[in-house]
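# Coordinate inspection notes
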Amino acid sequence: MLPVLWQGIVTGCLYSLGALGLVMIFKSSGMVNFAHGALAGLGAFLVYGLSAEAQWPWFLAVLAALASAVAISALTYGAIAPLLRRSDTTATIGTLGVGLIAQGIILWKFGSNIVRLDLPLPSMAFDVLGMKVTSYDLAVLAATAVVVGVLFSLIDFTRLGITFRAASTDPFAAQVCGVSITRVHLFSWVVSSVLGVIAALLIVPTTFLSSTTVTTFMLQAFAAAVIGGFDSLPGSVIGGILVGIACNLFSFYVAPELLNAFLLVFMLASLSLFPGGILSKRMGSRV
């Protein structure tokens, strides 16, 4: 039981990072970014191309990928912004097109081949209470703790973070008070893109990298955001860990082939009990 729970927590941290990116954009603009997974996958492929093919040092490749992700997110927001002025539903549909474009670029540049993209970690493993803890597990937990800590500190203690919270709570009142909604939206897109690339780089070592790997994984992160509450950043973290543990338990004790069906039932059951998400239900307002 403990090893299954441990792996569920590790996997849940990955879901949490993906869900945070989705929730950032939703909180600021009310739209769902369905291109999140494809854009994150494009960033992972850029790291692969620079590190494996161009022989760049891994850390330089990651920095280049993050910088490219920020630029692409800014361009994407520029293209989506006119649609967002019409309605958040129209903008949400527009992100589907952006995701298809990103997948097309991946297929055009890197093909449909499956490749490996590992983290530069030492090969280390030890047992704790019957659980096998690896260097990868520790890296995921450490990265998640750092990212969540930095993100929450940025939102709680910086001027930009305060304007983000104001615009998320009441966009009209924030705009009347002089807050630039466009700047807040751009901030959320940039942060979301960075979170997506970090999540993608942590996801890929457990499986492989293809044009659909990260996109498929982000669908489960979407479920985590729904369960935790699409208007709650802490809820997305909790939802991710819950989804990771539940999916691991189901795969181990029941049948991994039915995992997608279980995830759908789990999400629907959670919405029946907490229509606005776990934390939204309890707190009654955005966090």
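Check the entry above for the structure.
In this report, the structure presented in the accompanying data block is examined.

Rules behind the numbers
Residues numbered from 1 in each chain as written. Predicted model: local features only at pLDDT ≥ 70, side-chain atom pairs only at ≥ 80, totals over all residues. Heavy atoms only, no water. Helix = DSSP H or I, 4+ residues; strand = E, 2+ residues; numbered from the N terminus. Rg over C-alpha atoms; globule rule 2.2 N^0.38 Å. Buried < 20%, exposed > 50% of the residue type's maximum accessible area, 1.4 Å probe, protein only. Contact = heavy atoms within 4.5 Å. Areas by Shrake-Rupley, 256 points an atom, 1.4 Å probe, with all protein chains shown as cover. Lys, Arg positive; Asp, Glu negative; His and termini not counted. Charge placed at Lys NZ, Arg CZ, Asp CG, Glu CD. Expected span 1.5 Å × (residues − 1). Phe/Tyr/Trp six-rings, centres within 6.5 Å; stacked < 30°, edge-to-face > 60°. Disulfide = S-S within 2.5 Å. Core = buried A, V, L, I, M, F, W, Y, C linked by side-chain atoms within 4.5 Å. Salt bridge = Lys/Arg side-chain N within 4 Å of Asp/Glu carboxyl O. Axes fitted to C-alpha atoms, helices over the stretch in contact; angles between N-to-C directions. Parallel < 35°, antiparallel > 145°, perpendicular 65-115°, else oblique. Left-handed = near helix turned anticlockwise from the far one by under 90°. Nonpolar A, V, L, I, M, F, W, Y, C, P; charged D, E, K, R; others polar.

So, about the overall build of the protein chain. If you tally the helices and strands in the protein chain, you get 12 helices and 2 strands. Walking the protein chain from its N terminus toward its C terminus, one meets helices and strands in the order α-α-α-α-β-β-α-α-α-α-α-α-α-α. Computed over the C-alpha atoms, the radius of gyration of the protein chain is 19 Å, within 12% of the 19 Å expected from 2.2 N^0.38 for a compact globule of 287 residues. Based on the C-alpha atoms only, the size of the protein chain along its principal axes is roughly 55 × 45 × 35 Å. Across the 287 residues that make up the protein chain, the buried fraction comes to 49%. Pairs at least 24 apart in sequence give 75% of the contacts found in the protein chain among residues at least 6 apart. Carbon and sulfur atoms form 70% of the exposed surface of the protein chain, whose accessible area is close to 13,500 Å². Computed over 12 positive and 9 negative side-chain charges, the inter-centroid distance for the protein chain is 11 Å.

Its 23 residues place the ends of helix H4 (residues 88-110) 33 Å apart at the C-alpha level, agreeing with the 33 Å of an ideal helix rising 1.5 Å per residue. Among all positions of H4, only Ala 91, Thr 92, Gly 94, Thr 95, Val 98, Gly 99, Ala 102, Ile 106 and Phe 110 are buried. Against helix H2 (36-53), helix H3 (58-86) and helix H8 (181-203) lie the buried residues of H4. Gly 111 lies just past H4 and shows a positive phi near 75 degrees.

Right, let's talk about the packing of aromatic side chains for a bit. Tallied over the entire structure, the rule returns 11 aromatic pairs. Ring geometry for Trp 58 against Phe 59: centres 5.1 Å apart, planes inclined by 85 degrees, an arrangement best described as edge-to-face. By relative accessible area, which is 60% here, Phe 59 ends up exposed. Ring-pair connections join several aromatic residues into one group, and the members of that group are Phe 26, Phe 34, Phe 222 and Phe 230.

Taking 1.5 Å as the rise per residue, H2 with 18 residues should run 26 Å; its terminal C-alpha atoms sit 25 Å apart, in good agreement. Counting buried positions over the 18 residues of H2 gives 15, a clear majority of the element. Two residues or fewer after H2 comes Gln 55, characterised by a positive phi angle close to 60 degrees.

Quick look at the state of the cysteines now. In total, this model carries 0 disulfides according to the counting rule given. Here Cys 247 stays unpaired: no disulfide links it, and the sulfur of Cys 13, its closest cysteine neighbor, is 14 Å away. On the accessibility criterion, Cys 247 (3% relative accessible area) is buried.

This brings us to the environment of Val 254. Looking at the element boundaries, Val 254 is found in the loop between helix H10 (233-253) and helix H11 (259-273). Spatially, the C-alpha atom of Val 254 lies 31 Å from that of Ile 198, the residues being 56 residues apart in sequence.

With 75 residues, the main nonpolar core has Met 24, Leu 117 and Leu 209 as its most contacted residues. Excluding its chain neighbours within four sequence positions, the residues that come into contact with Met 24 are Leu 151, Ile 155, Phe 164, Phe 187, Ser 188, Val 191, Leu 195 and Leu 233. Counting residues in hydrophobic clusters, the runner-up holds 13 residues, among them Ile 25, Leu 39, Ala 81 and Ala 91.

A complete count under the given rule lists 1 salt bridge for this structure. Residue Asp 118 is joined to Arg 116 by a salt bridge in which the shortest nitrogen-to-oxygen separation is 2.7 Å. Since its relative accessible area comes to 47%, Arg 116 is described here as partly exposed.

This part covers the packing of helix H1 (residues 2-29) against H8. Helices that pack against each other are described as a pair by the angle of their axes relative to one another and the distance between those axes. Relative orientation of the contacting elements H1 and H8 amounts to 170 degrees, with a least axis distance of 8 Å. Overall, the two elements H1 and H8 adopt an arrangement that is roughly antiparallel. Seen from above, H1 lies across H8 with left-handed handedness. Contacts between H1 and H8 involve Leu 14, Leu 17, Gly 18, Leu 20, Gly 21, Leu 22, Met 24, Ile 25, Ser 28 and Ser 29 on the former and, on the latter, Val 184, His 185, Phe 187, Ser 188, Trp 189, Val 191, Ser 192, Leu 195, Ile 198, Ala 199, Leu 202 and Ile 203. For the contact of H1 with H8, a count of residues per class yields 15 nonpolar, 7 polar and no charged.

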